[in-house]
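Notes for the structure review
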Amino acid sequence: MSASKSVRVEIKVNGKAVAAEVEARLLLVQFIRDVAGLKGTNIGCDTTSCGACTVLLNGQSVKSCTVLAAQADGASILTIEGLAPEAGDGSGEGAASLMHPVQRAFHENHGLQCGYCTPGMVMAVTSLIAEAGPGELDEAAIREGLEGNLCRCTGYHNIVASALAAAREAGVAVARTGAGE
Amino acid sequence: MSILGNRVLRREDPKFLTVGGTYVGDLPLEGALHVTFVRSTAAHARIESVDVEGARSAPGVVAVYTDADIDAGPVAPMGFLNQAMKRSFLADGVVRYVGEPVIAIVAESREAGADAAELVVIEYEPLPVVVDPEAAVSSETMIFEGADTNVPFELQFPEDPALFDDCEVVVRQRIVNQRVAPCPLEARAAAAEMVEGRLRFFASTQGAHGVKETLVAQLGLAPEDVHVISPDVGGGFGAKGSVYTEELVVGWCARALGRPVRWSETRSDSMVGLGHGRGQVQNVTIGGTRAGQITAYRLNVLQDSGAYADIGAVLPFMTRQMAPGVYAIPKVECSTRSILTNTVPTVAYRGAGRPEATAALERVVDCFAAEIGLDPAQVRRRNLIQADAFPYTTAVGTKYDSGDYLRAFELALENAGYDDLRAEQARRREAGSSDRSVKQIGIGISSYVEITAPIAGGEFGAVEVRPDGKVIVRTGTSPHGQGHATAWSMIVADAMGVALEDIEVIHGDTDIVPRGGGTGGSRSLQLGGTAVNQAAGEVVDRARELAADLLEADPADIVLDKAGGRFHVAGTPSISRSWRELGAASIERDGVPLQAEADFEYPGATFPFGTHVSVVEVDIETGQVRLLRHISVDDAGKIMNPLLAEGQVHGGIAQGVAQALLEEFRYDAGGNPLTANLADYSFISAVELPSFETAFTETPTPLNTLGVKGIGEAGTIGSTPAVHNAVCDALAHLGVRHVDMPATPERVWEAIQSAGGSPTESDTETATGATGPGPGA
């Protein structure tokens, strides 16, 4: 299986075109990490189970370990680094206020601990809220929507609370559930 | 106003949320080679031959190593374990479990390594396989030839044949506390490079100093020649408290090749590479009066150690320490035996020996209550150690520092609405008697006490005020999600009157932090936090002396205005010196930084406690269990930051629920793992959980100035038995007495079928004085 055929791909990552000659078997997540050099997107499994590598592909959330880089040729990818580039690496003064509302909600609701699932989780929640549009979201829908994103630290409690808070801020009608708040 | 006790948001967050953390796999390491391990596909076999020629000549391969090539090892187990059970860096001619590393391939890329691994040919001569720990006890198969035993460690005490003689009721239960996979979301990773003759090693670990000590000892290096850094760590849960042979190989390769090397395992490798947790078979006997007084308790533990004598073999020591739990039981016996099997070695996993003690006791307290026809809440209330009894020494000799068990217990029942839940249960049972589609509910209680900072050893903390007014805190603890940077900053801000944003916390670098015990056993806040608090107090004292000199006053007259972060003479606040001025003055005047290093001396373990109540719904027709509510009341002494403490409890509860309902690492009889990836292993997800109802009571410990105990593992310890008891409770009216964990639909459905809706046979004695096999009740 070695020395697989190479293909030329050009993928827009966070608004910037990245072109490279890559092995046909290269996964999109490896393209993001090793070719585009963006290490925020993590790998947590090898069976498409954990969702740590979740990114937006043409606006839709995908597990980037399940897409070949070749399949993403010509597509636009949004990763955690591209969600609110003005916030930089978060270390600057007032960076918290420059973050995307979903990032901010995770911060304000303690929706992360070790941080490994966080980029994927934030991208998945961003996508869930966008998909809800002006519609409705409640705790059950968020839990169902995040089934494919695993976290070992938070017990999901504060992730769900973060998602509810972010949805509310985005103007999504959030059904009162009493839980997670 | 003190900042302590406030819901301060985490200072760690912005980086993780914007660009992600920097984990070992993210480090740049220019030109690093990749290490790929070829792992055993046999559970127990002699290696007949190894052909690595194909791999060696494959594109991109730099080196291929077997254990014979490595001039280090084997690693001896801890001193009090059986010393014949040594472990080589790579398998030494015999493989003892599926997943054991046999060959290390070093290649220019991960892909080249993976391709080359396909070309390795290993011939195995099968040996008899032992998977079941109970079968292993009498097995003639020795996992270590020359050890003459499969028992690496045991704590055997003579049994009192009359232990239960004066009991009116004696109940026995065999309980399996199943093997689980810790599954930190970041699997294991390491990297190493030689820098000016020193080994610089990057570890995904719970303690950089422990890794350094191991590398020094196993690679035969001088301590000053090893520099260990743990960057961001994506979870540990106890399992990254061990140092693994793969990490030793990575360090060895960097030295042998003189080039940077890195290793990031796949999840499938991690499931059979990272140690597993739990894995006990328990035989439990409880006895007492018909009125509900527990008077005697016996716990016999068989611990599955896996194929090597790792930390898992030792954990029953803590199970024994915590055997009597929260109850004032006059007579308690606990013996333990650890046994090798051809499976992944067991290690610490969130709770590490204590959840197993609580699970055994809390399950049989329910069995005992059922036998005498009392509400399990009533039995607990009657037997809890009273608040005025502390410090309290149990029948196994463990000394509990402080507690008010009844207060947490009553609050948990109140928050749960216990009486209303029982009424709802009665209604469902009534409706269910004519209609099996009515889902039944079960209510489970678990009262626990656990031991935190269980291993003797102090902790290092240092505080330095830089000339620019920034405060640098160094700690020997090793956070991987717990929020030490925030909590330690709060402690320093409170002690010194400096702003949180002016404080930087440094950890996980053995060149910068001289010593440290790392993070594990819920030790960090009570030891590391207290050390930092102590250092901050010493810095305040030094600053006061310095300010007195500068202000030409008596140090006794100098006060620290914490709101302004300035020192002044009492009554004269207009003339003062700020932290920045003092930091600069110390350098300018004395030529030394304004700083203090503290080693907080180990004061003994602390004992957090609490009560969890769980409510489950069971579909009698399918066996499906759904967790409806989980109510916790935990007491870990003073709460430093409720936001962080709740976060710890949430995560703990989820892992505890996972063990009760879903997760089990399974093997077939041949020792082949059946759950060796995240598609097959039932890692708990958001849909299987509700939001949790958490609360705290605060009973300070007298053992440290902050009054704090550990909170990292309590959630796991308290939750598992509550959920487990709830499942059994939901089925009790159908005649089911006990279902082992995990309570999967298959297992619950089978229990319902075999009970047939009528009371089951239970191994219960009602005759006073009978301790042998008694008549069924």
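Up top you'll find the structure we're talking about.
On a predicted model such as this, the values are computed, not experimentally measured, just so you know. (Residues numbered from 1 in each chain as written. Chains lettered and ligands numbered in written order. Predicted model: local features only at pLDDT ≥ 70, side-chain atom pairs only at ≥ 80, totals over all residues. Heavy atoms only, no water.)

**Here's the deal with the overall build of chain B**
Along chain B, the regular secondary structure elements total 18 helices and 29 strands. Against the globule reference of 28 Å for 777 residues, chain B gives a C-alpha radius of gyration of 28 Å, in line with a compact fold. If one aligns the C-alpha atoms of chain B with their principal axes, the spans along those axes are about 85 × 75 × 50 Å. Long-range pairs, those at least 24 residues apart, make up 80% of the contacts in chain B with a sequence separation of at least 6. (Helix = DSSP H or I, 4+ residues; strand = E, 2+ residues; numbered from the N terminus. Rg over C-alpha atoms; globule rule 2.2 N^0.38 Å. Contact = heavy atoms within 4.5 Å.)

**Topic: helix α9 (residues 354-372) of chain B**
Residues separated by three or four positions in an α-helix point in the same direction, a consequence of the helix having 3.6 residues per turn. All names here are of chain B. With 19 residues, α9 should reach 27 Å at 1.5 Å per residue; the first-to-last C-alpha distance of 27 Å fits that figure. The element α9 is extensively covered by neighbouring structure, given that 17 of its 19 residues are classed as buried. Following α9 by one or two positions, G373 has its phi on the positive side, about 75°. (Expected span 1.5 Å × (residues − 1). Buried < 20%, exposed > 50% of the residue type's maximum accessible area, 1.4 Å probe, protein only.)

**Notes on the sheet that holds strand β4 (residues 94-95) of chain B**
All names here are of chain B. One open sheet accounts for 3 strands, arranged β4-β2-β6; its pairing is antiparallel. Looking at strand neighbours, the two that pair on one side only are β4 and β6 (121-126), the edges of this open sheet. With 6 bridges connecting them, strand β2 (residues 45-51) and β6 associate as antiparallel partners. Opposite S49, over in β6, you have E123 as the bridge partner. (Pairing = 2+ DSSP bridges.)

**So, empty space enclosed by the protein**
A complete count under the given rule lists 2 cavities of 30 Å³ or more for this structure. Along its surface, the largest cavity is lined by 17 residues, and A:C114, A:G115, A:C117, A:C151 and A:C153 are the ones closest to its centre. A per-class count over the lining of the largest cavity returns 9 nonpolar, 7 polar and 1 charged. Its boundaries defined by the atoms lining it, the second largest cavity holds a volume of some 30 Å³. What lines the second largest cavity is simply B:R188, B:S204, B:K240, B:S242, B:Y244 and B:E247. (1 Å grid on protein atoms, 1.4 Å probe; cavity = no way out; pocket = protein on both sides within 12 Å on 5 of 7 lines; lining within 4 Å. Points joined across faces, edges and corners; volume = space filled by probe spheres on them. Nonpolar A, V, L, I, M, F, W, Y, C, P; charged D, E, K, R; others polar.)

**Overview of the side chain of B:Q526**
Residue and element names in this part refer to chain B. As for its position among the elements, Q526 is in helix α14 (residues 524-551). Looking at Q526, the relative accessible area reads 2%, which means it is buried. Among the polar contacts listed, one links the side chain of Q526 to the side chain of T452, at a separation of 2.8 Å. Not counting chain neighbours up to four residues away, the residues in contact with Q526 comprise T452, A453, F600, T606, N704, V708, K709 and G710. (Polar contact = N/O pair within 3.5 Å; in protein donor to acceptor, adjacent residues only side chain to side chain.)

**A short note on the interface of chain A and chain B**
With 54 residues of chain A at the contact, the number on the chain B side is 53 residues. Of the roughly 4400 Å² buried at the junction of chain A and chain B (both faces included), carbon and sulfur atoms supply 59%. In this structure, A:R25 and B:D115 form a salt bridge, with 2.9 Å as the shortest nitrogen-oxygen distance. On the surface where chain A and chain B come into contact, there are 29 residue pairs in polar contact (both at pLDDT 80 or more). With 4 residues, helix α4 (residues 101-108) of chain A is the single largest residue contributor to the side of chain A that touches chain B. The residue makeup of the side of chain A that touches chain B, split by class, is 22 nonpolar, 20 polar and 12 charged. (Buried area = accessible area lost by both parts, 1.4 Å probe. Salt bridge = Lys/Arg side-chain N within 4 Å of Asp/Glu carboxyl O.)

**Some words on the sheet that holds strand β25 (residues 594-600) of chain B**
Paired through backbone hydrogen bonds, the strands of a sheet run either parallel or antiparallel to each other. Residues and elements named next belong to chain B. Reading across the sheet, the 4 strands line up as β21-β20-β19-β25 and stay open at both edges, with mixed pairing between neighbours. Of all the strands in the sheet, just β21 (503-506) and β25 have a single pairing partner and so form its edges. Going across the sheet, the axis of each strand differs from the next one's by a mean of 15°, ignoring polarity. Examined bridge by bridge, strand β20 (residues 471-475) and β21 share 4 bridges and lie parallel to one another. Directly across from I472, in β21, lies its bridge partner E504. Strands β19 (459-465), β20 and β21 of the sheet are contacted by helix α13 (residues 484-496), whose axis makes an angle of about 135° with β21. Across the face of the sheet, α14 comes into contact with β19, β20 and β25 while running at roughly 145° to β25. (Axes fitted to C-alpha atoms, helices over the stretch in contact; angles between N-to-C directions.)

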